[in-house]
Amino acid sequence: MKLHFTKMQAAGNDYVYLDCRAGGLPTRKEAAALAVRLSRRRFSVGGDGIILIGPPLLADGDAAMYIYNADGSEGAMCGNGVRCVAEYLYTHGVRRGCIQIDTPQAGRKTLHRVAPQVWQAGMGHFSARAEMLPAVGLGRGLLLGCPLTAAGKSFTVDCIHVGNPHCVVSCETLPTAAQLAVWGAAIEKHPAFPAGVNVEFVRVVSPGCLQASVWERGSGATLACGTGACAAAAAMALRGVCKRGTPIAVQLPGGTLTVGVGEDDTLTLTGPAETVFEGVVEV
């Protein structure tokens, strides 16, 4: 069977996008198998996973987004992916500056086109409470400055839920690629996070600028993570390092994303969303 796809990227976070609005969505088992097959770099299209675009879940929406990571696991939310879906819809007939995208696990996201190939997404509320991530054995209340031992190393972490779970590790120097692979994998599957967790190693450059390396649950090291940028900014705002209400630039290996942290614990995420190429693959 021949399958038409669109390869898109946002700050280097790349997915294979499949428009399923007319032909129908595959089953979860089929989608998981497609994600594993299509995500293999150098052996297939290559990407951090696949994103399916389906009909909206609510009558007044524009589309729905379904995320499958490179290992076939189902994702809850993708801040870079949702901007790419908005860009895809805009270039395929939904010519509006405001687009509504539904997600099964993280609710509806409203996106505004702020420049050509640049979108701002309302990411909803964040929380640092254990029951939201979920997280176990790290204490009660806000999970900020928690001690965590993984891969034989002691870390101090902040746990943030932004539609999916994140573990933010503050550091003076970002890890090497080898360290990221070992530490990220160990924290992702740590017993404290029964559903797994995304991991961000974050260095503070200034109150308005952060640097981060990311290890994504189900995908491994990626060049960027939109929800990870949000989690990093939220953690630093809770700590008082970054200011709410002012733009926070999060520098990632694939590019810079801008996060806004509201006084009401809401987040906005602004950044690029670009089509790389379109094609047909035999599956």
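These figures come from a predicted structure and were not determined experimentally.

Conventions and cut-offs
Counting of residues starts from 1 at the beginning of each chain's written sequence and follows it residue by residue. Totals for whole chains, interfaces and linings use every residue, but because this is a predicted model, local features are given only for residues with pLDDT of at least 70 and side-chain atom pairs only at 80 or more, for both listing and counting. Water and hydrogen atoms were dropped before computing side-chain values, which therefore reflect all heavy atoms in the structure. A helix here means a DSSP run of H or I that spans at least four residues, while a strand means a run of E at least two residues long, and both kinds are numbered starting from the N terminus. The atom set for the radius of gyration is the C-alpha atoms, and the globule formula is 2.2 Å times the number of residues raised to the power 0.38. Each residue is placed in one exposure class: buried if its accessible area under a 1.4 Å probe, protein chains only, is under 20% of its type's maximum, exposed if it is over 50%, and partly exposed if it falls in between. Two residues qualify as a contact provided that any one of their heavy atoms is within 4.5 Å of a heavy atom in the partner residue. Charge counting treats Lys and Arg as positive and Asp and Glu as negative, with His and both chain ends excluded. The atom standing in for a charge is NZ when the residue is Lys, CZ when it is Arg, CG when it is Asp and CD when it is Glu. Strand pairing is assigned whenever DSSP identifies at least 2 bridges connecting the two strands. The definition of a right-handed crossover adopted here requires that, viewed with the strands pointing away, the path from the first strand over the helix to the second runs clockwise. One speaks of a salt bridge when a side-chain nitrogen belonging to Lys or Arg is within 4 Å of a carboxyl oxygen belonging to Asp or Glu. Throughout, a disulfide means two cysteine sulfur atoms within 2.5 Å of one another. Under the pairing criterion, centres of Phe, Tyr and Trp rings, with the six-membered ring standing for Trp, must be within 6.5 Å; the plane angle then separates stacked pairs below 30 degrees from edge-to-face pairs above 60, leaving the rest tilted. Any N or O atom pair separated by 3.5 Å or less is treated as a polar contact, with the protein-specific requirement of one donor-capable and one acceptor-capable atom, and with residues adjacent in sequence counted only for side-chain atom pairs. Expected helix span is taken as 1.5 Å per residue step, with the number of steps being one fewer than the number of residues. Here, nonpolar core refers to any group of buried Ala, Val, Leu, Ile, Met, Phe, Trp, Tyr and Cys residues whose side-chain atoms link them within 4.5 Å.

**Q** Mind showing me how you'd approach the overall build of the protein chain here?
**A** Scanning the protein chain from terminus to terminus reveals 4 helices and 18 strands. Taken over the C-alpha trace, the protein chain has a radius of gyration of 18 Å; the compact-globule value for 283 residues is 19 Å, and the two agree within 12%. When the backbone C-alpha atoms are referred to their principal axes, the protein chain occupies close to 50 × 35 × 30 Å. Residues classed as buried in the protein chain amount to 53% of the 283 residues present. Taking contacts inside the protein chain between residues at least 6 apart in sequence as the whole, the part at least 24 apart equals 62%. Computed over 24 positive and 22 negative side-chain charges, the separation of the two mean positions in the protein chain equals 2 Å.

**Q** Can you help me understand unusual backbone geometry in this one?
**A** Across the chain, the bulk of peptide bonds are trans and the bulk of non-glycine residues have phi less than zero. Cis geometry is adopted by the peptide bond preceding Pro134, which originates at Leu133 and carries an omega value of 0°. One can find Pro134 in the loop between strand E8 (118-125) and strand E9 (146-150). Residue Ala11 is not a glycine yet carries a positive backbone phi of 55°. Looking at where Ala11 falls in the secondary structure, it is placed in the loop between strand E1 (2-10) and strand E2 (13-19).

**Q** Would you explain the pairing of strand E12 (residues 198-206) in this entry?
**A** Walk down a regular strand and you will see the side chains alternate between the two sheet faces. As defined by bridge partners, strand E11 (residues 165-170) adjoins E12 across 5 bridges and the pair is classed as parallel. For Cys167, the partnering residue across the bridge sits in E12 and is Val199. In the classification by handedness, the crossover that spans E11, the intervening helix H3 (residues 177-188) and the parallel E12 is right-handed. Hairpin geometry of E12 and strand E13 (residues 209-216) is characterised by an intervening segment of 2 residues between the two adjacent antiparallel strands.

**Q** When you look at the pattern of salt bridges in this model, what are you seeing that I'm missing?
**A** For side chains bearing opposite charge, pairing can occur when the charged atoms are close. All told, the structure shown has 11 salt bridges when counted by the stated rule. Three or more residues joined by partner-sharing salt bridges are found here, namely Lys7, Asp14, Arg41 and Asp48.

**Q** Teacher, can you tell me more about the state of the cysteines here?
**A** Cysteine pairs can be covalently joined through their sulfur atoms, and such a bond is termed a disulfide. Tallied over the entire structure, the rule returns 0 disulfides. The thiol of Cys209 is unpaired, and the distance to the nearest cysteine sulfur, on Cys242, comes to 8.9 Å. Given the relative accessible area of 11%, Cys209 is considered buried. We classify Cys242 as buried; its relative accessible area is 4%.

**Q** Quick question: what am I supposed to make of the packing of aromatic side chains here?
**A** Two descriptors summarise a pair of aromatic rings, namely the distance from one centre to the other and the angle between the planes of the rings. Applying the stated criterion across every chain, the model contains 6 aromatic pairs. Pairing Phe155 with Phe201 gives two aromatic rings, centres 6.3 Å apart and planes at 65°, and the pair type is edge-to-face. Pair noted here: Phe155 is in strand E10 (residues 153-161) and Phe201 is in strand E12, with a separation of 46 residues, a long-range link. There is no split in this pair, since Phe155 and Phe201 are both buried. Here the aromatic rings of Trp183 and Phe201 are separated by 6.1 Å at their centres, their planes lie at 45°, and the arrangement is tilted.

**Q** Would you take a moment to explain the side chain of Asn13 for this structure?
**A** Following the sequence through the fold, Asn13 ends up in strand E2. A polar atom in the side chain of Asn13 sits 2.7 Å from the side chain of Asp48. Polar side-chain contacts of Asn13 include one of 3.4 Å to the side chain of Glu216. Dropping the residues within four chain positions of it, Asn13 is found in contact with Met8, Asp48, Cys78, Asn80, Glu216, Thr222, Ala224 and Cys225.

**Q** Any chance you could explain helix H2 (residues 79-91) here in plain terms?
**A** Between its first and last C-alpha, H2 extends 19 Å over 13 residues, near the 18 Å set by a 1.5 Å rise per residue. Along H2, 12 of the 13 residues are buried, which leaves the element largely enclosed by surrounding structure. Restricting attention to buried positions, one finds in H2 the residues Gly79, Asn80, Gly81, Val82, Arg83, Cys84, Val85, Ala86, Glu87, Tyr88, Leu89 and Tyr90. Just downstream of H2 lies Gly93, where phi reads positive at about 115°.

**Q** Any chance you could explain the side chain of Thr270 here in plain terms?
**A** Looking at the secondary structure, you find Thr270 in strand E17 (residues 266-272). There is a polar contact of 3.0 Å between the side chain of Thr270 and the side chain of Gln120. Discounting chain neighbours no more than four positions away, the residues touching Thr270 are Val114, Val118, Trp119, Gln120, Leu257 and Thr258.

**Q** Looking at this structure, I do not really get the nonpolar core. What am I missing?
**A** The tendency in soluble globular proteins is for nonpolar side chains to be buried side by side. Counting residues in each nonpolar core, the largest one holds 57 residues, and the members touching the most others are Leu89, Ile101, Ile160, Val259 and Leu267. At 9 residues, helix H4 (residues 226-239) tops the list of elements feeding residues into this core. Not counting chain neighbours up to four residues away, the residues in contact with Leu267 comprise Ala121, Gly122, Met123, Gly124, Phe126, Val162, Cys230, Ala234, Val259, Gly260 and Val261.

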